[in-house]
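Remarks on the overall topology
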Amino acid sequence: MKFKSLFLTILTMTNVMFVIYYMILAVFNCPSQDDWLFLRAIENNDMYSFLEHVYLHQSGRMTGYFRHYITFSLFSVDSLAWGIPLLSYVFSAITSVLCVKRIRKKLGFREINLALIFLNILIICNFEFCAFYWCCASMSIFSAMLFLYLFVLLLTFKGTFWDIAQLLIVLPLMAFSSEFYTPLFAGFMLIVLFYKWKNTDNKELFYGAPSTKWTFLSIIVLFIGFLFIVTAPGNYERAAESMYVKASSVSSFLHTFANNILLYFYLFAFKIHYWISLFFIMLFFGASQWRFPINCSCKSLIIYSALLYVILIALAVMPMAYLMSSFGFQRFYLPCIMVGLVFIALLGWKVGSDSAEKNNIILNTPVFVSLFLILSCLCLHIYIDTPTVKKYAADHKNRTNTILKAKENSNTDTLYLSPLSDVNTIGLKWLFIRSNKPVLYYKDEITENPLDYANQCIASYYNIEFPIAIKKQ
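This write-up is about the structure you can find in this document. Keep in mind the model is a prediction, meaning the values are calculated, not measured. (Residues numbered from 1 in each chain as written. Predicted model: local features only at pLDDT ≥ 70, side-chain atom pairs only at ≥ 80, totals over all residues. Heavy atoms only, no water.)

Secondary structure assignment for the protein yields 18 helices and 2 strands. Counted over contacts in the protein with a minimum sequence separation of 6, partners at least 24 positions apart contribute 80%. Total accessible area computed for the protein in this model is approximately 22400 Å², and 67% of it derives from carbon and sulfur atoms. (Helix = DSSP H or I, 4+ residues; strand = E, 2+ residues; numbered from the N terminus. Contact = heavy atoms within 4.5 Å. Areas by Shrake-Rupley, 256 points an atom, 1.4 Å probe, with all protein chains shown as cover.)

What follows deals with unusual backbone geometry. Even without glycine at this site, Lys105 takes up a positive phi of about 65°. Along the chain, the position of Lys105 falls in the loop between α5 (77-104) and α6 (109-125). The class for Lys105 is exposed, based on a relative accessible area of 67%. (Buried < 20%, exposed > 50% of the residue type's maximum accessible area, 1.4 Å probe, protein only.)

Before going further, it helps to examine the packing of helix α2 (residues 33-44) against helix α18 (residues 453-462). In contact at an axis separation of 8 Å, α2 and α18 are set at 35° when each is read in the N-to-C sense. Seen from above, α2 lies across α18 with left-handed handedness. Touching Gln33, Asp34, Trp36, Leu37, Leu39, Arg40 and Glu43 of α2 are Tyr453, Ala454, Cys457, Ile458, Ser460, Tyr461 and Tyr462, all from α18. Taken together, the residues of the contact of α2 with α18 sort by class into 9 nonpolar, 2 polar and 3 charged. (Axes fitted to C-alpha atoms, helices over the stretch in contact; angles between N-to-C directions. Left-handed = near helix turned anticlockwise from the far one by under 90°. Nonpolar A, V, L, I, M, F, W, Y, C, P; charged D, E, K, R; others polar.)

Time to look at the side chain of Thr63. Mapping Thr63 onto the fold places it in helix α4 (residues 62-74). For Thr63, a relative accessible area of 12% corresponds to the buried category. Once you skip the residues sitting within four places of it in the chain, Thr63 turns out to touch Pro172, Leu173, Phe176 and Ser177.

Examined against the element boundaries, Asp35 turns out to sit in helix α2. We classify Asp35 as buried; its relative accessible area is 0%. When the C-alpha positions of Asp35 and His68 are compared, they lie 9.9 Å apart, and in sequence the two are 33 residues distant. Excluding residues within four positions of it along the chain, Asp35 makes contact with Phe72, Trp134, Cys135 and Cys136. Within polar-contact distance, the side chain of Asp35 engages the backbone nitrogen of Cys136 at 3.1 Å. (Polar contact = N/O pair within 3.5 Å; in protein donor to acceptor, adjacent residues only side chain to side chain.)

As enumerated under the stated definition, the model contains 4 salt bridges in all. Close ionic contact of Glu111 with Arg104 constitutes a salt bridge, the shortest N to O distance being 3.3 Å. Accessibility assignment for this pair places Glu111 and Arg104 in one class, buried. Note that Lys391 is salt-bridged to Asp395, the shortest N-O span being 3.0 Å. Taken as a pair, Lys391 and Asp395 lie in helix α17 (residues 360-408) at a separation of 4 residues, close to a single helical turn. (Salt bridge = Lys/Arg side-chain N within 4 Å of Asp/Glu carboxyl O.)

Our next topic: the packing of α6 against helix α14 (residues 272-287). Running from amino to carboxyl end, α6 crosses α14 at an angle of 165°, the nearest separation of the two axes being 10 Å. By the angle between their directions, the pair α6 and α14 is classed as roughly antiparallel. As for how α6 packs across α14, the hand of that crossing is left-handed. Touching Arg110, Leu114, Ile117, Phe118, Ile121, Ile124 and Cys125 of α6 are Tyr274, Trp275, Leu278, Ile281, Met282 and Phe285, all from α14. (Parallel < 35°, antiparallel > 145°, perpendicular 65-115°, else oblique.)

On to a nonpolar patch on the surface. Side chains of Trp82, Leu86, Val90, Phe91, Ile94 and Leu98 sit close together on the surface and give an oily, nonpolar patch of about 480 Å² of accessible area. Mapped onto the secondary structure, Leu86 falls in helix α5. (Patch = residues over 30% accessible without salt bridge, like charges linked within 9 Å, V, L, I, M, F, W, Y side chains within 5 Å.)

On their own, these measurements won't tell you what the molecule is for.
The structure is reproduced here in structure tokens:
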């Protein structure tokens, strides 16, 4: 009992430190080039015109762009950069808690802490961590958690009125949300259905179960939404842009695909301490009389999880590597990481549940070491990163004041602006092989050319007629 109380206290402290770190970064966050563009588009269009434009010229992800319209309309330009990440975190936390509640069939302090630590590790383990503070992409974390809830909902589906009502609300939102999650979800559910079918003696009972029928219906609806998204005219218009490089041959495609997979596992190595910590946290919960909900062996769990990764790569990553080369694979980092973390959490839970009667000291030691390691990393991040983001926010404010002052004075000449300070964070990956340093925000810096995309986005939002450019260094 003493160990359980101490564990829960340290886990709570860890979650609090995560929230403090994320909120510090949110407070000093600033809009990026695409955020300026969205702000201008939303100010100048009603919802229907905005959604029509993006479907024809940008992408078919209607749920995502509808969400953009709502969230960007809720906040002023001064509160947008911190408001949307905060909103994303709150919605994602609620969804994560609901997932745990549905699995555990109860909700207490332990369950809330477990839900939050999974979410916090998911955010910080995303290789595109700075996307959480990119207003255009911040809600992608919420989408990931909503897809996870849809999976948990169908996994525990009983056919009650409340179950059906939840499904009818969540399913349409997800069907037109993202083409990246449909193969992931379909893979999840098909593997689960296959496992149930294989381990059910009465096949008629399996086919007649509400969960089976509604799962197949959900997969069909998601693929209808998937077709709606991928056939949007805007996809092909954007694919013609120079930043999207299509593989020119089978060999170039295989080379790009191999590089992307290797890069994924290379970046994975620098987050390994968070993955291991999640495993031991779940092991502790499993050893604390939390019975594992699935009747399977660790071997079966590993095999089915590996099969899911193969489906995810075959149905999602490979086509994207062909159509968009290395750029597109970034969009699958979060789904791949979420699948991996779910697998690690389940494996830790299973091992802990099977080891419940073993020596507690052997189980407790790595758990507390893992939590103290995370706490140390977070303290280091807060100490080092806070001055960095403060300086960046001050530079951004000075730039805004300079633009507004020039507009007030009816300036007509090119306005040369000072560069924003770097927003690099501590990390090891830039020390080996790659020159790119891990960053806290997407810093879409303007260039010396006033006609470049970033320059035009800022000029469009402030509605200025004079060109802007970066000062030559």
